[in-house]
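Inside the fold
Here is how the chains run, residue by residue.
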2 protein chains.
Amino acid sequence: MLTPMLDSGGSMPLYEQLYRHIRGEIQAGRLAVGERLPSKRALAAHLKISVVTVEGAYNQLLAEGYLQSQPKRGFFVQAAEALPVPAQEGPPLPPEEPPRPGFQYNFSTSAVDTGLFPFATWAKLMREVLSQQEATLLNSTHPQGVLQLRQAIASHLYRFRGIQAHPAQIVVGAGSEVLISLLVQLLGRESRYGVENPGYAKTHRILSSCGAEVVPIPLDSHGLRVDALEDSGVGVAHVTPSHHYPLGIIMPAARRQALLRWASQREDRYILEDDYDSEFRFSGRPIPALQSMDGGGRVIYLNTFAKSLAPSLRVSYMVLPPQLLERWRREFWFYASTVPSFEQYALAKFMEGGHFERHISRSRLRYKARREALLAAARDTGLTQVGSFAGGDAGLHLLLWMDRRWKEGELAARAAEVGVGVSPLSVCDLTPPPADRPPALILGYTQVPPQDMTPALERLKAAWKF
Amino acid sequence: MLTPMLDSGGSMPLYEQLYRHIRGEIQAGRLAVGERLPSKRALAAHLKISVVTVEGAYNQLLAEGYLQSQPKRGFFVQAAEALPVPAQEGPPLPPEEPPRPGFQYNFSTSAVDTGLFPFATWAKLMREVLSQQEATLLNSTHPQGVLQLRQAIASHLYRFRGIQAHPAQIVVGAGSEVLISLLVQLLGRESRYGVENPGYAKTHRILSSCGAEVVPIPLDSHGLRVDALEDSGVGVAHVTPSHHYPLGIIMPAARRQALLRWASQREDRYILEDDYDSEFRFSGRPIPALQSMDGGGRVIYLNTFAKSLAPSLRVSYMVLPPQLLERWRREFWFYASTVPSFEQYALAKFMEGGHFERHISRSRLRYKARREALLAAARDTGLTQVGSFAGGDAGLHLLLWMDRRWKEGELAARAAEVGVGVSPLSVCDLTPPPADRPPALILGYTQVPPQDMTPALERLKAAWKF
């Protein structure tokens with residue numbers, strides 16, 4: 001009979017010791033397939049342990065398929081086949097973090113000034129939300145997002161972007177990537193997607209990765225060229241009309257109208273209006289969103305709190321035109337909302353209480369000061385003698401067109417060597433740029449304090465020799 | 001010259017009043033295309049306002065494309081074409097919420113007992129996270145999720161599921177839907193995806209919606225039939241081996257090994273092991289995960305905090321085998337993490353502090369009591385005379401097989417009429433079930449307190465007449 005060494009003083013329960021012993025016997029073939037095990041009572045008596053202990057071990061073996069129970073007959077060893085693949089050394093794991101250069105002066109466009117985030121207010125609102133301890137906080141929320149948040153967004157859009165969106169048209173999601181991947185499912189992979197070239201390369205990657213065919217569409221000084229859109233057989237066009245990334249073009253009214261006219265000509269044409277940093281316009285009133293000029297339901301408006309609040313918050317949203325909303329609800333209602341409801345309620349309170357508006361105003365002031373400090377430092381250091389800035393009316397970055405004597409890749413590399421992070425325009429090229437395009441660099445200024453602008457540009461002066 | 005009525009006492013800034021006036025004149029055609037506007041100085045003098053005000057209005061009109069500036073010549077009206085589509089009445093908006101029946105006794109499987117959630121602890125941890133006020137909290141996190149959280153998950157998996165996963169292999173995402181949609185991008189749409197039939201219908205919908213071809217694979221009493229997998233040309237199999245949804249089958253070791261052997265036979269075969277409610281096993285040790293038996297890197301392990309903590313938290317994760325991890329990093333590094341970093345840090349602290357383990361233990365006790373109360377009530381009311389429960393060793397639902405005299409759709413409908421929410425098994429059928437399958441109902445018991453079990457079943461007794 002089975003005679004394991006059971007250690008009743010050990011940390012492992014007896015039933016588990018017994019289970020492991022029998023499993024080992026089966027795996028080693030010492031208990032053969034079909035062999036009958038002693039009855040629970042007999043084994044318990046043999047081992048001087050309780051029947052319950054044996055039962056625990058047998059049950060585990062039954063559950064894992066090592067044993068089979070035959071009513072009134074007992075327990076039999078079941079075929080437990082050898083592991084299919086010998087444990088092998090896999091390829092080594094890639095390192096945890098990809099090496100990221102630590103720049104002393106980082107003109108990246110993907111971060112915000114973290115000093116602006118109202119931690120205390122957010123903590124207070126989060127505490128308020130959690131103190132309600134309501135069931136609605138925990139169970140799945142509305143697939144489009146918490147109603148209270150969608151109402152706050154609708155009201156914000158109406159007051160600041162002239163957009164009349166019903167909360168029922170708004171879908172909240174965990175970042176633009178998530179929303180774009182849902183949109184590809186909604187609008188179909190058969191459609192061809194046009195994206196701005198140069199443009200935000202990530203949009204191209206996400207759309208391709210979701211299985212869509214993506215066509216880079218060239219720009220002129222007014223933004224996306226509608227004639228090129230016509231020629232390309234595109235069905236869905238992704239645009240950043242309020243502040244083109246990276247060129248900074250604000251699409252004028254006439255081009256907007258031409259774009260809307262293009263979309264209105266076929267039932268399956270849509271415009272994805274990415275309004276990613278429209279909160280940051282530094283002169284005059286913001287330009288009305290394409291969505292607000294659209295009478296035909298052809299515009300899907302997208303925006304994010306990544307720039308206006310924090311990238312790590314992972315809250316974006318879109319406004320669907322009514323006919324798409326209907327299809328959405330028919331086909332995608334099964335998708336759960338991707339944003340935690342704690343965050344959604346806290347953000348709703350943040351917006352309702354006017355905190356968001358104040359945060360935007362404070363951020364705008366701070367970023368404006370940085371932009372001005374950057375431009376002043378450029379004048380003082382003589383950078384404006386060899387380059388010129390564009391796209392500064394809005395948004396959180398500037399484009400720096402440089403004299404043709406340089407190559408932009410080299411400029412960026414030399415900047416990196418002296419601890420200054422700037423991106424070459426070429427990171428936004430989806431196709432090779434025209435040979436005669438001057439070199440250009442993208443400078444996001446949200447993370448560099450005003451007093452650092454001159455030292456940063458002094459370094460560039462030394463590195464670039466201007 | 002332009003002569004608007006400007007109201008300096010109004011709430012609208014003067015420059016905006018002027019801007020609106022001129023825009024209206026252009027739109028109405030009273031200012032013709034090509035017409036030259038007065039100089040800023042002249043108009044300011046005419047209207048007795050400052051040049052800065054006129055400049056504000058002109059800049060806005062320039063930015064929106066209504067005006068064009070010609071150096072040294074002045075400002076000219078630009079072609080502003082009519083809106084492309086007449087504003088039309090869209091289809092009416094669908095109602096905000098789909099009608100959801102409010103059951104007095106809800107045996108739904110998609111919710112948890114919200115009374116268990118440790119609000120106070122969570123609020124405290126969230127406050128701790130927010131009080132650090134660090135930049136790392138706000139800017140984009142590691143695309144796979146915050147390292148601290150991945151470490152906590154790896155340690156949990158090792159201690160409770162026997163899974164040796166390096167934190168570098170873990171990817172955190174905003175729900176299983178998000179992870180599955182990423183996996184389709186990683187494993188390819190060319191592959192055929194096998195899913196359990198009957199099974200969790202949402203998996204089928206998500207995979208199809210992401211553009212994958214999905215094949216329902218039949219089960220036998222040991223779970224997914226590997227022979228059917230072979231015959232179907234499937235490349236990727238989605239399984240719930242630790243507790244099949246909805247049948248409750250715990251896949252025995254031999255079947256697990258057969259499944260792993262199937263996967264090892266071709267380079268492009270993978271198993272998606274969905275371990276969705278493995279924390280809730282009520283007898284014996286949990287069965288080792290497929291992932292922990294896999295020596296060949298063919299298993300992608302998926303789990304979620306939706307069942308073990310709260311559905312609204314939106315945190316799921318997967319463990320990628322090394323060779324897929326490499327591809328992931330090469331091709332998907334651009335995707336931002338979809339979970340807010342506040343939540344990720346709070347959850348990491350929650351796990352590190354042992355709160356998660358305690359929460360699971362408390363939940364397991366509470367759910368076990370509910371399961372036992374349900375089974376006792378079934379005996380007391382005589383339900384066990386006409387039906388039998390299956391799948392009760394683990395997980396958070398039971399399957400109730402009923403006598404053939406009934407039809408399951410009718411049983412569910414009659415239950416709903418008396419305020420008891422139960423799902424027919426047929427909601428999990430991806431193809432018509434065998435004609436001789438008895439009727440069955442799915443009963444999740446997480447939301448029904450023990451003292452409600454008898455009243456709930458009494459209602460069923462009256463409705464079903466047993």
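In the block above lies the structure referred to throughout.
Residues numbered from 1 in each chain as written. Chains lettered and ligands numbered in written order. Predicted model: local features only at pLDDT ≥ 70, side-chain atom pairs only at ≥ 80, totals over all residues. Heavy atoms only, no water.

Some remarks on the overall build of chain A
When you go through chain A residue by residue, the secondary structure sums to 16 helices and 16 strands. Relative to the compact-globule value of 23 Å for 466 residues, chain A shows a C-alpha radius of gyration of 31 Å, a clear excess of over 25%. Across its three principal directions, the C-alpha atoms of chain A cover 95 × 55 × 50 Å. Summarising the internal contacts of chain A: among those between residues at least 6 apart in sequence, 71% fall at separations of at least 24. If you sum the accessible surface of chain A, you get close to 18400 Å²; carbon and sulfur atoms cover 51% of it. Computed over 50 positive and 45 negative side-chain charges, the inter-centroid distance for chain A is 3 Å. (Helix = DSSP H or I, 4+ residues; strand = E, 2+ residues; numbered from the N terminus. Rg over C-alpha atoms; globule rule 2.2 N^0.38 Å. Contact = heavy atoms within 4.5 Å. Areas by Shrake-Rupley, 256 points an atom, 1.4 Å probe, with all protein chains shown as cover. Lys, Arg positive; Asp, Glu negative; His and termini not counted. Charge placed at Lys NZ, Arg CZ, Asp CG, Glu CD.)

A look at the relation of the copies chain B and chain A
Overlaying chain B with chain A gives an RMSD of 0.1 Å, the required rotation being 180° about an axis along which the chain moves by 0.0 Å. Both copies of the chain, as the preceding transformation shows, are related through a two-fold rotation axis. Most of the interface of chain B is mirrored in chain A, where 99% of its interface residues again form contacts. (Least-squares fit on C-alpha atoms with pLDDT ≥ 70 in both.)

Considering the sheet that holds strand S16 (residues 440-444) of chain A
All names here are of chain A. The strand order across the open sheet formed by four strands is S12-S13-S16-S15, and the pairing between neighbours is antiparallel. Sheet topology places strand S12 (387-390) and strand S15 (423-424) at the edges, where each strand pairs with a single neighbour. Where S12 lies against strand S13 (residues 397-402), four bridges are found, and the strand directions are antiparallel. Following the sheet pairing, Ser388 is matched in S13 by Trp401. Contacting S12, S13 and S16, helix H13 (residues 355-381) crosses the sheet at an angle of about 20° to S13. (Pairing = 2+ DSSP bridges. Axes fitted to C-alpha atoms, helices over the stretch in contact; angles between N-to-C directions.)

Focus on the state of the cysteines
Here is the idea: a disulfide is a covalent bond, and it sits between the sulfur atoms of two cysteines. Tallied over the full model, the rule gives zero disulfides over all chains. As a non-bridged cysteine, Cys210 of chain B has Cys210 of chain A as the owner of its nearest cysteine sulfur, 7.8 Å distant. Among the cysteines around Cys428 of chain B, which has no disulfide bond, Cys210 of chain B carries the closest sulfur, lying 20 Å off. Assessed through its relative accessible area of 2%, Cys428 of chain B is described here as buried. (Disulfide = S-S within 2.5 Å. Buried < 20%, exposed > 50% of the residue type's maximum accessible area, 1.4 Å probe, protein only.)

Digging into the pairing of strand S2 (residues 74-77) of chain A
Residue and element names in this part refer to chain A. Pairing geometry for strand S1 (residues 67-70) and S2, over four bridges, is antiparallel. Counterpart to Leu67 in the pairing with S2 is Val77. Remark: three residues form the turn of the hairpin made by S1 and S2, two consecutive strands paired antiparallel; Lys72 in that turn has positive phi of roughly 65°.

Remarks on helix H1 (residues 14-27) of chain B
All names here are of chain B. Under the 1.5 Å per step criterion, the end-to-end length of H1 is 20 Å for 14 residues, consistent within 8% with the ideal 20 Å. Where H1 is concerned, the buried positions are Tyr15, Glu16, Gln17, Leu18, Tyr19, Ile22, Arg23, Glu25 and Ile26. Phi turns positive, to about 85°, at Gly29, one or two residues after H1. (Expected span 1.5 Å × (residues − 1).)

Focus: helix H15 (residues 408-417) of chain A
Residues and elements named next belong to chain A. Of all the residues in H15, the buried ones are Glu408, Leu411, Ala412 and Ala415. For H15, the arc enclosing every buried residue in end-on projection is 95°, short of the 170-degree limit, so these residues lie on one face. The inward-facing, buried residues of H15 contact S13, strand S14 (420-421), S15, S16 and helix H16 (450-464). The positive-phi residue at the C-terminal boundary of H15 is Gly419, with phi of around 85°. (Arc of directions from axis to C-beta.)

Here we look at the interface of chain B and chain A
On the side of chain A, 111 residues touch chain B, which itself brings 110 residues to the contact. On the surface where chain B and chain A come into contact, there are zero salt bridges. Connecting chain B to chain A are 24 residue pairs in polar contact (both at pLDDT 80 or more). Of the residues in the side of chain B that touches chain A, the class split is 60 nonpolar, 27 polar and 23 charged. (Salt bridge = Lys/Arg side-chain N within 4 Å of Asp/Glu carboxyl O. Polar contact = N/O pair within 3.5 Å; in protein donor to acceptor, adjacent residues only side chain to side chain. Nonpolar A, V, L, I, M, F, W, Y, C, P; charged D, E, K, R; others polar.)

Looking at the side chain of Arg256 of chain A
All names here are of chain A. Mapped onto the fold, Arg256 is located in helix H9 (residues 253-264). The buried charged residue Arg256 lacks any salt bridge partner; its closest oppositely charged side chain belongs to Glu273, at an N-O distance of 4.4 Å. Side-chain polar atoms of Arg256 contact the backbone oxygen of Met251, separated by 2.6 Å. With residues up to four places along the chain from it excluded, the contact list for Arg256 reads Pro241, Ser242, Ile250, Met251, Glu273, Ile287, Pro288, Ala289, Leu290 and Met293.

Quick look at unusual backbone geometry
With the exception of glycine, most residues fall at negative phi, and the peptide bonds are largely trans. Residues and elements named next belong to chain A. Cis geometry marks the peptide bond from Asn197 to Pro198, where omega comes out at 0°. One non-glycine residue with positive phi stands out, namely Lys48, at about 60°. Lys48 sits in the exposed class, given a relative accessible area of 73%. A positive phi angle, close to 65°, is found at Lys72, a residue other than glycine. Following the sequence through the fold, Lys72 ends up in the loop between S1 and S2. Since its relative accessible area comes to 90%, Lys72 is described here as exposed.

A word on the pairing of S13 of chain A
Residue and element names in this part refer to chain A. Of all six residues in S13, five are buried, a share of seventy percent or more. From the end of S12 to the start of S13, which pair antiparallel, there are six residues, and Gly391 there has a positive phi angle of about 75°. As judged from the five bridges shared by S13 and S16, these two strands associate in the antiparallel manner. The residue bridging Leu399 from the neighbouring strand is Ile442, located in S16.

Examining the packing of aromatic side chains
Residue and element names in this part refer to chain A. For the structure shown, the criterion picks out 34 aromatic pairs over all chains. Where Tyr200 meets Tyr245, the ring centres are 5.5 Å apart and the plane angle is 85°; that geometry is what we call edge-to-face. Remark: Tyr245 occurs in the loop between strand S8 (236-239) and H9 and Tyr200 occurs in the loop between strand S5 (192-197) and helix H7 (201-209); sequence separation between them is 45 residues. Assessed through its relative accessible area of 44%, Tyr200 is described here as partly exposed. (Phe/Tyr/Trp six-rings, centres within 6.5 Å; stacked < 30°, edge-to-face > 60°.)

Digging into the side chain of Thr141 of chain B
Structurally, the position occupied by Thr141 of chain B is in the loop between helix H5 (135-138) and helix H6 (147-161). Dropping the residues within four chain positions of it, Thr141 of chain B is found in contact with Val146, Ser337, Ser341 and Gln344 of chain B.

What to know about the packing of helix H7 (residues 176-187) of chain B against helix H8 (residues 201-209) of chain B
Residue and element names in this part refer to chain B. Between H7 and H8, the shortest axis-to-axis distance is 9 Å and the interhelical angle comes to 45°. The angle between the axes of H7 and H8 places the two elements in the oblique class. Crossing of H7 against H8: the hand is right-handed. Between H7 and H8, the residues in contact are Glu177, Ile180 and Val184 and Lys202, Thr203, Ile206 and Leu207, respectively. Grouping the constituent residues of the contact of H7 with H8 by class yields four nonpolar, one polar and two charged. (Parallel < 35°, antiparallel > 145°, perpendicular 65-115°, else oblique. Left-handed = near helix turned anticlockwise from the far one by under 90°.)

Some words on the sheet that holds strand S4 (residues 170-173) of chain A
Residues and elements named next belong to chain A. Here we have eight strands laid out as an open sheet, ordered S4-S11-S10-S9-S8-S5-S6-S7, and mixed in their pairing. One side of each edge strand has no neighbouring strand; the edge strands of this open sheet are S4 and strand S7 (223-224). Taken together, the four bridges between S8 and strand S9 (residues 270-274) define a ladder with parallel strand orientation. If you follow His238 over to S9, its bridge partner there is Leu272. Packing of H9 onto the sheet brings it into contact with strand S6 (213-220), S7, S8, S9 and strand S10 (299-304), and relative to S9 it is tilted by some 140°.

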